[in-house]
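Topology and contacts: notes
These are the residues of each chain, in order.
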Amino acid sequence: MTAVFEFLALHPVIVLFLLIGLGAAVGQVRIGGVSLGAVAVLIVGMAITAWGVALGVSIELPAAIGDVGLVLFAFCIGIISGPGFFNAMRSSWALMLVVTGILIVGAAVAYGLGVWLGVSPVTIAGTFAGAVTNTPALAATGGSAEATVGYASAYVFGVIGAMLVAALALRHRAEDTDRPAPIVDKAVEVDTTSMPTADELSKRYGRRVLFSRVMPKDGEIEAVTPDTPLPPGAVVNVVGPSDAVQEVSDEIGHTAAVDIVGQRSELDFRRIILSNQRLAGRTIASLQLRERLGATIVRVRRGDVDFVATPDFVVLQGDRLRVVGPKRSMAAVSEFLGDSERGMADTNPVALGLGIALGLLIGAIEIPLPGGGYFGLGFAAGALVVGLVMGRIGRIGPFVTALPNTAANVLAELGLLIFLAFAGTKAGSLIVSAIVSGEIVTLLLIGAVVTLVAMLGTYLMLRHVFRLGGTRLSGAIAGAQTNPAILAFANTRTGHDVRVALGYSLVYPAAMVVKILLAQVLVTL
């Protein structure tokens, strides 16, 4: 067996994909209805590395491999979360401050326990970094042997503890009140005599609803324009969240007996993929589809989520657009939008390469601190921040800054698996060193207490004070722990619900910066 490990030690690329394959296979095993998912790659990496060390063979993936996986994951998570992040941030700044306060308390607990147990400040800082599973924080301590042993000793429970708290949050998922209402169509017969226009009604409901087609009394079905009046006796198709559609129905009339959507002799509808890169990153209004071809986009499906196609909605490559228009124009509409499956898998290498490079440059900037030392975001946080901005803006002139949702999700998962394989080999070898040093029990205790303080504090405050639903809370816990493995666990348990990624991206940037700063402070105490 030693010969096998010696061979693997000489071929890190083989080790990388072996760990991804074995870990993914183990992650699919369900025990009591629960599977580990991508986290199993981390555990398998730790187990194989520790086994190799026991045989006298060191197996470790190069740091560059881990960096590539981490920045690819962070950038793509930013791209995915960008469209919703800045809107949510306006109402969530208090949440970020609370998470910051909890992490400060965690660092204070680490220092108090460490001093009481006779641990050096450098080792305390490394143990804190491991307890909150933050490698950039370890790097901020200087990466000494003492700090690294503390990091390795606390890291494993840092992952397990956060995973348990995320699972606790997800137990309340059925009680979520922030679950988005499904987007529905409803034919409504108009009773009101006020003759509102389609645009007036849409504005009244905050642009949450729109109208795709109307059949005047004793008339033919026609497409709705903003100025289209809704006279008594007309049947209009209302599109929007089910609750808002019902409110509109109650206000203007009642459910119609006729299905005008199913009548496709003149007006037709089709789901069309936006694969024309020239149109990506533009608002629906700027596409001028009605002016060009007499057609209207009524829904946008991104990933597994439907959105109402409001005029200011920014469409991205790979979005699936529900289009209503004259039957004779649908072929031209498909040609104009692209309608190619390849658009969903286009990785947009220009945006990917330049975006990650810019994120790495921002992460590498070091700001001098009073009393000596430097502060820097680190590669992962830099890539995430740039990804958030690029995902939000969608386009700069002719340059498309976002990736199709499908491609971004695939790349994020690949980056995550690569990073977890690297982290597993790194932690596996260091834990053996910690055991040999004999200090592991003390460091385990400090790390476990810090992890529980940080994770349970986050859980209690965000659930009972901020009233976050279980789904979004699980993502926020992963973000507070700045750990992709916990995010993968929550995504697996929720079927990649978008609220998980949003909760993660809300907390992650602030938590990353605060942890790096606290680690540097602990070293100097």
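Refer to the structure printed above.
Before going into details, it helps to say that this report is about the structure given with it. Owing to the predicted nature of the structure, the values given are computational and were not obtained by experimental measurement.

**Points about helix α15 (residues 349-364)**
Over its 16 residues, α15 runs 22 Å from end to end, which matches the ideal 22 Å to within 8%, given 1.5 Å per residue. All of the buried residues in α15 are Ala 351, Leu 352, Gly 355, Ile 356, Gly 359 and Gly 363. An end-on view of α15 places all buried positions within 110 degrees of arc, on one side of the element. Away from its buried face, by an angle of more than 90 degrees, α15 presents the exposed residues Pro 349, Leu 354 and Leu 361.

**Points about the nonpolar core**
Judged by nonpolar contacts, the single largest core of 105 residues is most densely connected at Phe 75, Leu 103, Phe 128, Leu 352, Leu 403, Ile 477 and Val 507. Apart from residues lying up to four places away in sequence, Leu 403 is in contact with Phe 75, Ile 79, Thr 347, Asn 348, Ala 351, Leu 352, Ala 408 and Leu 411. With 26 residues, the next largest nonpolar core counts Ile 183, Leu 274, Leu 321 and Val 324 among its residues.

**Focus on the pattern of salt bridges**
Taken as a whole and judged by the stated rule, the model has 5 salt bridges. Of the charged contacts in the structure, one is a salt bridge between Lys 203 and Asp 199, with a shortest N-O distance of 3.6 Å. With Lys 203 and Asp 199 both in helix α9 (residues 198-204) and 4 residues apart, this pair spans about one turn of that helix. Relative accessible area serves as the criterion here: at 52%, Lys 203 is assigned to the exposed category.

**Considerations on the environment of Gln 317**
On the secondary structure map, Gln 317 appears in the loop between β10 (314-315) and β11 (320-326). Distance in space between the C-alpha atoms of Gln 317 and Gly 338 is 9.8 Å, their sequence separation being 21 residues.

**Concerning a nonpolar patch on the surface**
Where nonpolar side chains cluster on the molecular surface, the patch consists of Met 1, Val 4, Trp 51 and Leu 55 and spans about 390 Å² of accessible area. Overall, Leu 55 belongs to the partly exposed group, its relative accessible area being 34%.

**Some words on the environment of Val 109**
Residue position: Val 109 is located in helix α5 (residues 93-116). What makes Val 109 partly exposed here is its relative accessible area of 25%.

**Some thoughts on the pairing of strand β1 (residues 183-190)**
Bridge count between β1 and strand β4 (residues 235-241): 7 bridges; the pairing is antiparallel. In the strand pairing of β4, Glu 189 is matched with Val 235. Summarising the sheet, β1 and strand β5 (residues 253-255) pair through 3 bridges and their orientation is antiparallel. Within β5, the position partnered with Glu 189 by the bridge is His 254.

**Some points on the side chain of Thr 494**
With respect to the helices, strands and loops of the structure, Thr 494 is situated in helix α20 (residues 484-494). Residue classification places Thr 494 among the buried residues on the basis of a relative accessible area of 9%. In contact with Thr 494, other than residues within four places in its own chain, are Leu 170, Arg 173, Thr 471 and Val 500.

**Section: the packing of helix α1 (residues 2-10) against helix α2 (residues 12-27)**
Two elements in contact, α1 and α2, have axes separated by 5 Å at closest approach and are oriented at 105 degrees. Considering their axes alone, α1 and α2 lie roughly perpendicular with respect to each other. Residues Phe 7, Leu 8, Ala 9 and Leu 10 of α1 form the contact with α2, whose participating residues are Pro 12, Ile 14, Val 15 and Leu 18. Among the residues making up the contact of α1 with α2, the classes are represented as 8 nonpolar, no polar and no charged.

**Quick notes on the sheet that holds strand β2 (residues 210-215)**
Spatial strand order, β3-β2-β4-β1-β5: 5 strands in an open sheet with antiparallel pairing. With one partner strand each, in any of the chains shown, β3 (222-223) and β5 form the two edges of the open sheet. The sheet contacts of helix α10 (residues 242-252) involve β1, β2, β4 and β5, and relative to β4 the element is tilted by about 150 degrees.

**A few points about unusual backbone geometry**
Phi is positive for Gln 288, close to 55 degrees, though the residue is something other than glycine. Examined against the element boundaries, Gln 288 turns out to sit in the loop between α11 (284-287) and α12 (289-293). You will see that Arg 467, though not glycine, has its phi angle at about 60 degrees, which is positive. Positionally, Arg 467 belongs in the loop between α18 (440-464) and α19 (470-480). Of the residues examined, Arg 467 reaches a relative accessible area of 63% and is grouped as exposed.

Rules and cut-offs
- Residues numbered from 1 in each chain as written.
- Predicted model: local features only at pLDDT ≥ 70, side-chain atom pairs only at ≥ 80, totals over all residues.
- Heavy atoms only, no water.
- Helix = DSSP H or I, 4+ residues; strand = E, 2+ residues; numbered from the N terminus.
- Expected span 1.5 Å × (residues − 1).
- Buried < 20%, exposed > 50% of the residue type's maximum accessible area, 1.4 Å probe, protein only.
- Arc of directions from axis to C-beta.
- Core = buried A, V, L, I, M, F, W, Y, C linked by side-chain atoms within 4.5 Å.
- Contact = heavy atoms within 4.5 Å.
- Salt bridge = Lys/Arg side-chain N within 4 Å of Asp/Glu carboxyl O.
- Patch = residues over 30% accessible without salt bridge, like charges linked within 9 Å, V, L, I, M, F, W, Y side chains within 5 Å.
- Areas by Shrake-Rupley, 256 points an atom, 1.4 Å probe, with all protein chains shown as cover.
- Pairing = 2+ DSSP bridges.
- Axes fitted to C-alpha atoms, helices over the stretch in contact; angles between N-to-C directions.
- Parallel < 35°, antiparallel > 145°, perpendicular 65-115°, else oblique.
- Nonpolar A, V, L, I, M, F, W, Y, C, P; charged D, E, K, R; others polar.

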